Amino acid sequence: MRKALITGITGQDGSYLTELLLEKGYEVHGIVRRSSTLDRPRLKGLYQNQDVYGKRLFLHYADLTDVTTIRRIITKVEPDEFYHLAGQSHVGLSFEIPESTCEVTAMATLRIMEILRDLPRVPKFLHASSREIFGTPSISPQDEQTPVNPNSPYGVAKTFATQMTRIYREAHGHFFCNAICYNHESPRRGENFVTRKVTLGAARISRGKQKTISLGDLDAARDWGYAKDFVQAMWLMLQQSRPDDYVIATGESHTIRELLETAFAHVGLRWEDHVIVEDRFRRPADPCQLLGNPSKARAELNWQPTLTFRELIELMVDEDLESEG
């Protein structure tokens, strides 16, 4: 039975990846932060399953800055594959907390790779990178060879971690990979991200629970995919004969205006009647022309998205409608 260790296991991607690995027969270990509540809704069905939790799924407490405990967990588990998904992942928030963003997103990644490098048997390692490493790109779409040009603290931190992953692969010969992920969403996305803010807002407004939602630049465009598809790509990357970096994206761009149109039309409403545009939601430096070229992943990993943009947004709205009663 192969063993996988996941940071960020309680997040959107971590929960989908856990389900995928369990389906494939893995023993899965996750690193979680100790908090005042044990509520982990994305994993609830798994750790309440007595046939799974404590038998094939194990959670270990540690903070990403706690090097000693991280080392102890890794040494004890001896994973075959390590998926590093954790970090401060909200781009807008990174302008407010740049120091902690760099600490947990950049330096924690380096420390983990140093721990792995010292092991007698170095596991395959995947770093969940981000399209934010390209910042405001000079070319579109972007691929694995596009120069990095981050324009947010989060983008800078991810660029550091991405480049260090490449260095460890090339200098030390380890099976270390970067999944350069464009926006990927799902019903498990946090409510502070714009897609979920829109789908949840549409659901609540249709239920009469609120009247409006406030947003920033409606013409901002993103390459939005389905998180469940993205973790499939991550797993495929570690099954290849050699390590490499891959852009994981849909290759299609949609504006927030299109997001609104799709979500509100699905509940029979006009978004124009319920959306307030506020400057406070505009980023200090908003990346533009962010569109991924997933040709390499399609060709070498035999990977492709399973949901269209419309299907994804409608799925999210349907889940929010159900949760809102």
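Our structure's up above, just so we're on the same page.
Structural notes, computed from the coordinates.

Rules behind the numbers
- Residues numbered from 1 in each chain as written.
- Predicted model: local features only at pLDDT ≥ 70, side-chain atom pairs only at ≥ 80, totals over all residues.
- Heavy atoms only, no water.
- Buried < 20%, exposed > 50% of the residue type's maximum accessible area, 1.4 Å probe, protein only.
- Helix = DSSP H or I, 4+ residues; strand = E, 2+ residues; numbered from the N terminus.
- Pairing = 2+ DSSP bridges.
- Phe/Tyr/Trp six-rings, centres within 6.5 Å; stacked < 30°, edge-to-face > 60°.
- Lys NZ or Arg CZ within 6 Å of the ring centre and 35° of its normal.
- Axes fitted to C-alpha atoms, helices over the stretch in contact; angles between N-to-C directions.
- Parallel < 35°, antiparallel > 145°, perpendicular 65-115°, else oblique.
- Left-handed = near helix turned anticlockwise from the far one by under 90°.
- Contact = heavy atoms within 4.5 Å.

1. Thoughts on the pairing of strand 2 (residues 27-32)
Within a regular strand, side chains alternate between the sheet's two faces.
Part 1: Of all six residues that make up strand 2, six are buried, and the element is covered over most of its length.
Part 2: Residue alternation in strand 2 divides its side chains into two sets, Glu27, His29 and Ile31 and Val28, Gly30 and Val32, and both sets are buried.
Part 3: Inspection of the sheet shows strand 2 paired to strand 3 (residues 57-61) by five bridges, in the parallel sense. Paired with Val32 across the bridge in strand 3 is Tyr61.

2. Re the packing of aromatic side chains
Part 1: Under the criterion given, the structure shown has seven aromatic pairs.
Part 2: Consider the rings of Phe125 and Phe176, whose centres lie 4.9 Å apart with planes at 55 degrees: the pair is tilted. Of this pair, Phe125 sits in strand 5 (residues 124-130) while Phe176 is found in strand 6 (residues 176-181), placing the two residues 51 residues apart along the sequence. Across the pair, Phe176 and Phe125 agree in class, each one buried.
Part 3: Measuring from centroid to centroid gives 6.0 Å for Phe230 and Trp303, while their planes differ by 90 degrees, and the two rings are edge-to-face. Pair noted here: Phe230 is in helix 8 (residues 227-237) and Trp303 is in the loop between helix 10 (295-300) and helix 11 (309-323), with a separation of 73 residues, a long-range link. You'll find Phe230 and Trp303 in the same group, each marked buried.
Part 4: Ring-pair connections join several aromatic residues into one group, and the members of that group are Phe82, Phe125, Tyr168 and Phe176.
Part 5: Above the ring of Phe175, the side-chain terminus of Lys124 is found at 4.6 Å from the ring centroid.
Part 6: A cation over a ring is seen here: Arg188 above Tyr16, with NZ or CZ 4.0 Å from the ring centre.

3. With respect to the packing of helix 7 (residues 194-206) against helix 9 (residues 256-266)
Part 1: In the contact formed by helix 7 and helix 9, the axes pass within 9 Å of each other and the chain directions differ by 30 degrees. Viewed along their axes, helix 7 and helix 9 adopt a mutual orientation that is roughly parallel. Our pair here, helix 7 against helix 9, has a crossing hand that is right-handed. On helix 9, the residues touching Val194, Thr195, Val198, Ala202 and Ile205 of helix 7 are Ile256, Leu259, Leu260, Ala263 and Phe264.

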